[in-house]
Amino acid sequence: MKKNVLVVVDMQVGVLAMPRHDREGKAALINQLIDAADQVVFIQHAEGDMYAGGELWQIIPELHQPAHAHCVTKTACDAFWNTTLDDVLQRIGTRAFTVCGCATDYCVDTTIKVGASKGYAITVAADAHTTADRTYASAQQLIGQHNEVWAGYDPPSALAFPHPLP
């Protein structure tokens, strides 16, 4: 039986302290994905004041946090680099997952591309990732642009881009 595995990237108190596009709406969509998943893996960035276990490192309170969820701490945009993510996915018994979270143009993007290069089949929840406005592009423009890039991405493994919630 194929497992429905969800990887939630950096939906943390410290990361979302900066205004993000449609935080409430994205959290609601991510909760739908969490509730439908067989397994959930929370990726949590640790850096500076967002140290592992600290208040800013915690998952935002509005997200559902299943008791059986896995947590992986990272220190770079890449959720695979020097982390236990590969090991966690292997223990779960999957080479496929859906990804969502923050920030679209940093950690979500890097994790998708590195995961694809490692042979994972990744589905992007196109309406369940967010970012902030940047100097030269709005959050909405960045989200749309990344969905377009991912839809045309030709990785070495099978990916499904974009995939909005039903």
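Structure's up top.
Residues numbered from 1 in each chain as written. Predicted model: local features only at pLDDT ≥ 70, side-chain atom pairs only at ≥ 80, totals over all residues. Heavy atoms only, no water.

Chemist: Break down helix α2 (residues 85–92) for me, with residues and values.
Modeler: A turn of α-helix holds 3.6 residues, and therefore any two residues three or four places apart point the same way. All buried positions along α2 are accounted for by Leu85, Val88, Leu89 and Ile92. Seen end-on, α2 carries its buried residues on one side only, within an arc spanning 95 degrees. Those residues of α2 that are exposed and angled more than 90 degrees off the buried face are Gln90 and Arg91. Elements in contact with the buried residues of α2: β1 (5–9), β2 (39–45), β3 (70–74) and β4 (96–102). Positive phi appears at Gly93, one or two residues downstream of α2, with a value of about 90 degrees. (Buried < 20%, exposed > 50% of the residue type's maximum accessible area, 1.4 Å probe, protein only. Helix = DSSP H or I, 4+ residues; strand = E, 2+ residues; numbered from the N terminus. Arc of directions from axis to C-beta. Contact = heavy atoms within 4.5 Å.)

Chemist: Provide a residue-level description of the packing of helix α3 (residues 104–117) against helix α4 (residues 139–152), including the pertinent values.
Modeler: Interhelical geometry of α3 versus α4 gives an angle of 15 degrees and a closest axis separation of 11 Å. The angle between α3 and α4 falls in the class roughly parallel. As α3 runs across α4, the sense of the crossing is right-handed. In this structure, α3 uses Thr104, Asp105, Val108, Asp109, Ile112 and Lys113 to contact α4, whose residues at the interface are Leu142, Ile143, His146, Val149 and Trp150. Here the contact of α3 with α4 is built from residues that sort into six nonpolar, two polar and three charged. (Axes fitted to C-alpha atoms, helices over the stretch in contact; angles between N-to-C directions. Parallel < 35°, antiparallel > 145°, perpendicular 65-115°, else oblique. Left-handed = near helix turned anticlockwise from the far one by under 90°. Nonpolar A, V, L, I, M, F, W, Y, C, P; charged D, E, K, R; others polar.)

Chemist: Which residues make up the side chain of Thr131, and what values do they have?
Modeler: Tracing the sequence through the fold places Thr131 in the loop between β5 (121–130) and α4. At a separation of 2.9 Å, a polar atom in the side chain of Thr131 contacts the side chain of Arg134. When sequence neighbours within four positions are dropped, the list of residues in contact with Thr131 reads Arg20, His21, Ala103, Thr104, Asp105, Ala139, Leu142 and Ile143. (Polar contact = N/O pair within 3.5 Å; in protein donor to acceptor, adjacent residues only side chain to side chain.)

Everything listed here is a matter of geometry and, on its own, says nothing about what the molecule does.
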